[in-house]
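Chain and residue survey
Letter by letter, the chains look like this.
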Amino acid sequence: MKALCYLPLALALILASFPNDSKAADVRAEDYIELCRLFKDGTLVAVPGSCNEYIECHSSSNATIHNCGSSKAFDVKSQKCVDLKSSTNKLCHNRCEGKDGVWVSDPTNCHGFFYCAKGEPNWGPCPTGMHFDEKLQMCVYTKTSSCVDVSSICELVPDKTKFRNEKDCAKYYECSKNLPSAKSCTKQFYDVQAEKCVDKSLVVCNAHPIPDKICNKVKNAYKADEATCRGYFYCRDLGIVEDLEPIWGQCPEGTFFSEAKQACVNPIDVKCDYNRCDGRGNLMVTSGKNNCHNYVICKDGAPVEDKECIRDYFFDEKYQACVPDIIYYECCDIKEKK
């Protein structure tokens with residue numbers, strides 16, 4: 001079976017080297033603040049492995065850790081501190097309780113697991129480069145795993161919570177019955193703050209999945225990354241074999257990649273309907289729509305507002321203003337891709 005490692009035989013030897021309850025380290029809530037980058041601002045996330053702590057996400061890099069106290073637990077479903085007895089938080093209980101001869105995931109990381117022996121947990125790790133999949137009862141290669149940072153991430157947030165897929169801007173996950181369900185946008189990118197698919201130009205995309213067959217019949221050449229205006233892939237000459245792992249690169253700030261010219265050039269000379277504010281700070285930039293009558297206000301490299309010049313004026317990036325002179329840049333009037 002490709003991409004899988006069968007646990008009963010492969011991990012028997014691993015378990016032998018770990019005594020009972022040999023869980024690596026105590027839970028430190030601070031170690032999990034980075035989980036906020038996956039969720040919408042304001043999301044409350046239970047601390048992996050902790051019963052009474054939770055993280056309040058203010059932004060992708062700013063969060064507050066709360067503690068319900070020793071007599072209470074953070075209830076994921078109600079998003080409140082409740083009495084221990086009434087808590088539905090799985091982290092408040094022994095994950096091996098009532099189980100024998102099966103493996104359960106370690107809620108604090110993706111590659112760890114517990115082997116349940118008559119209700120007693122015995123910790124062990126998957127081999128390097130693999131994650132534990134509780135549903136399959138196997139270690140799987142990270143490439144095929146949906147685990148992000150911690151195992152069972154959907155046990156930390158309520159059902160129907162959505163979170164970003166960091167490998168692809170067009171994809172995301174939605175929690176359903178404590179498991180992540182993969183979702184995807186069609187010709188759009190997922191906006192984690194709006195929790196919906198939106199126009200690609202409205203999202204700052206930092207994920208660079210390799211498009212299918214991007215290097216098909218292409219050797220020693222550059223191809224646009226199909227996700228950003230500055231990004232590209234270099235397709236190597238591997239003889240008769242297609243380059244399946246082209247090298248990703250990015251043009252310097254203030255320039256866009258031109259596949260036709262195989263170079264980084266002035267943004268007004270590139271038709272690109274992704275985020276045209278990328279790498280351009282707080283400028284006003286041509287939107288690429290409505291024949292150069294429209295422009296976008298940028299803030300810190302992200303689009304803030306799309307506006308149109310009055311009196312049938314044209315927007316001129318060079319002057320950062322609407323002008324009466326007829327303007328036609330290569331980037332104007334971008335046709336929507338079908």
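Please read these numbers as outputs of a predicted model, since none were measured by experiment.

**Description of the overall build of the chain**
A tally of helices and strands in the chain yields two helices and 26 strands. Relative to its full complement of 338 residues, the chain shows a buried share of 44%. In the chain, the share of contacts with a sequence separation of at least 24, taken over all contacts with a separation of at least 6, comes to 41%. Carbon and sulfur atoms form 50% of the exposed surface of the chain, whose accessible area is close to 18,600 Å².

**Considering the nonpolar core**
If you look at the biggest cluster of nonpolar residues, it comprises 25 residues, and the most contacted ones within it are L35, V45, I55, I153 and F163. When contributions to this core are tallied by element, the ones reaching two or more residues are β2 (44-46), β3 (53-57) and β13 (171-176). Among residues more than four places away in sequence, those in contact with F163 are L38, F39, V148, I153, C154, Y172, Y173, C175, P180 and Y190. In terms of nonpolar packing, the next biggest core, distinct from the first, is built from 14 residues, A227, C229, F256 and C272 among them.

**Some remarks on the state of the cysteines**
Taken as a whole, this structure holds 14 disulfides when the rule is applied. Across a sulfur-sulfur distance of 2.0 Å, C68 and C81 are joined as a disulfide pair. Looking along the S-S bond of the C68-C81 disulfide, the torsion reads about -70 degrees, which is the left-handed sense. Placement of the pair is C68 in the loop between β4 (63-67) and β5 (72-75) and C81 in strand β6 (residues 80-83), with a sequence separation of 13 residues. Overall, the relative accessible area of 13% leaves C68 in the buried class.

**Quick word on the pattern of salt bridges**
Scanning the model with the defined rule gives nine salt bridges in all. Among the ionic pairs, K40 bridges to E195, the shortest N-O distance being 3.8 Å. Linking K40 in the loop between α2 (12-16) and β2 with E195 in the loop between β15 (189-191) and β16 (196-198), this pair joins segments that are 155 residues apart in sequence. D243 is paired through a salt bridge with R236; the nearest N and O atoms lie 2.9 Å apart. A relative accessible area of 30% places R236 in the partly exposed class. The structure contains a network of salt bridges with shared partners spanning R95, E134 and E155.

So, how was this worked out
- Residues numbered from 1 in each chain as written.
- Predicted model: local features only at pLDDT ≥ 70, side-chain atom pairs only at ≥ 80, totals over all residues.
- Heavy atoms only, no water.
- Helix = DSSP H or I, 4+ residues; strand = E, 2+ residues; numbered from the N terminus.
- Buried < 20%, exposed > 50% of the residue type's maximum accessible area, 1.4 Å probe, protein only.
- Contact = heavy atoms within 4.5 Å.
- Areas by Shrake-Rupley, 256 points an atom, 1.4 Å probe, with all protein chains shown as cover.
- Core = buried A, V, L, I, M, F, W, Y, C linked by side-chain atoms within 4.5 Å.
- Disulfide = S-S within 2.5 Å.
- Salt bridge = Lys/Arg side-chain N within 4 Å of Asp/Glu carboxyl O.

Keep in mind these values describe shape, not function.
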